[in-house]
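Residue-level structure breakdown
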Amino acid sequence: MERYNIIKEKNPREIILLRGKGCIYKKCSFCDYHFDSCKNESENFELNKSVISNISGKYGNLEVINSGSVFELDGNTLSLLKTVCGEKNIKTVHFECHYLYKDLIPELRKEWQNFNLKIKLGLETFDYDFRENVLLKGIDEKEPKIISEYFDEANLLFGISGQTDESIERDILTALEYFERICVNIMCENTSSVKPDRQVIDSFIKNIYPKYKDNERIDILINNTDFGVGD
């Protein structure tokens, strides 16, 4: 499992994949990411400490991901991370968070007030019916403006049966309107019941990808390890 990498292209930054106690939600129909977890906080801290030791401060920009939300990382990990970010002159820190934790975000921003904190949401799509009845995301809000009041960045997920070029582009344009940055993820084969639709993916690569591949506000991951972390 690769847990540290440097992203040199758009929005250059270091990225680390930490391990927490596990996603509080675990109901997303397409996801098996939550298996990268452990209930033992001391074991998580030892692992995370070794990952954090790689941080160099190269770009002053750090993305922190884990199989769930930042609030599922143990306190020692977060304390060490904050200390190292200060020592390495990190200016901007990106965390991920499920919508269920939205009311805890203001306090997190206060705790990290010495940093430019960016919170990313796994939104997947603005199509409420598809998001909640197919992907089972557990996001009860329909209005993009309200969702974006809590979050700075968003993940989108494409390549699933029922999606079209039109719906995909609508999602991208809406996300660009309401969020600072977005990350487009293409569905990859995993152990979940949701499978990639090759026709949808091929159409995306042919018709949508060329339009947005050079947009500095959009990361596009054709494979889920394109950031150089995970397995």
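Let me sum up the structure you'll find in this document. Because the structure is predicted, anything quoted here is derived from the model rather than measured.

What counts and how
Residues numbered from 1 in each chain as written. Predicted model: local features only at pLDDT ≥ 70, side-chain atom pairs only at ≥ 80, totals over all residues. Heavy atoms only, no water. Phe/Tyr/Trp six-rings, centres within 6.5 Å; stacked < 30°, edge-to-face > 60°. Helix = DSSP H or I, 4+ residues; strand = E, 2+ residues; numbered from the N terminus. Buried < 20%, exposed > 50% of the residue type's maximum accessible area, 1.4 Å probe, protein only. Lys NZ or Arg CZ within 6 Å of the ring centre and 35° of its normal. Axes fitted to C-alpha atoms, helices over the stretch in contact; angles between N-to-C directions. Parallel < 35°, antiparallel > 145°, perpendicular 65-115°, else oblique. Left-handed = near helix turned anticlockwise from the far one by under 90°. Contact = heavy atoms within 4.5 Å. Nonpolar A, V, L, I, M, F, W, Y, C, P; charged D, E, K, R; others polar. Pairing = 2+ DSSP bridges. Right-handed = clockwise from strand over helix to strand, strands pointing away.

Another aspect to go through is the packing of aromatic side chains. A full pass over the atoms with the stated rule returns eight aromatic pairs. Ring centres of Y99 and F151 lie 6.0 Å apart, and the angle between their planes is 25 degrees; on these two criteria the pair is classed as stacked. Of this pair, Y99 sits in the loop between β4 (92-97) and α3 (105-111) while F151 sits in the loop between α5 (144-148) and β6 (153-158), and the two are 52 residues apart along the sequence. On the basis of relative accessibility, which here comes to 3%, the residue Y99 falls in the buried class. With centroids separated by 6.5 Å and ring planes inclined at 55 degrees, the aromatic side chains of F204 and Y209 adopt a geometry described as tilted. Taking the relative accessible area as the measure of exposure, Y209 reaches 28% and is therefore partly exposed. By way of ring pairs, the aromatic residues F95, W112 and F115 are connected into one cluster. The lysine or arginine in question, K82, covers the ring of W112, its NZ or CZ lying 5.5 Å from the ring centre.

For the rest of this paragraph, the subject is the packing of helix α1 (residues 41-52) against helix α2 (residues 75-87). In contact at an axis separation of 9 Å, α1 and α2 are set at 15 degrees when each is read in the N-to-C sense. Relative to α2, α1 is oriented roughly parallel. Seen from above, α1 lies across α2 with right-handed handedness. The segment α1 lies against α2, with N44, F45, N48, K49 and I52 engaging N76, T77, L80, L81 and V84. Class assignment of the residues belonging to the contact of α1 with α2 gives a composition of five nonpolar, four polar and one charged.

Okay, the environment of T225 next. Along the chain, T225 turns up in the segment after β8 (218-221). For T225, a relative accessible area of 32% corresponds to the partly exposed category. Once the C-alpha coordinates of T225 and E2 are considered, the two residues, 223 residues apart in sequence, prove to be 9.1 Å apart.

Strand order in this open sheet of eight strands is β1-β2-β3-β4-β5-β6-β7-β8, and the pairing throughout is mixed. In the strand order of this sheet, the two ends are held by β1 (4-7) and β8, each with one partner. The mean inter-strand angle of the sheet, taken between neighbouring strand axes irrespective of direction, is 20 degrees.

We now examine unusual backbone geometry. The phi torsion at N89 lies on the positive side, around 60 degrees, for a residue other than glycine. Relative to the helices and strands, N89 is located in the loop between α2 and β4. Of the residues examined, N89 reaches a relative accessible area of 45% and is grouped as partly exposed. For E124, which is not glycine, the phi torsion reads 75 degrees and is therefore positive. You can see E124 is positioned in strand β5 (residues 116-124). According to the relative accessible area criterion, E124 is buried, its value standing at 7%.

Of the two faces of β8, the one carrying I218 and I220 and the one carrying D219 and L221 are both buried. The sheet contact formed by strand β7 (residues 181-186) and β8 spans four bridges and is parallel. From the neighbouring strand, N185 faces β8, where its bridge partner is L221. Traced from β7 through helix α7 (residues 198-212) to β8, the parallel crossover comes out right-handed.

Don't take any of this as a statement about function, it's just geometry.
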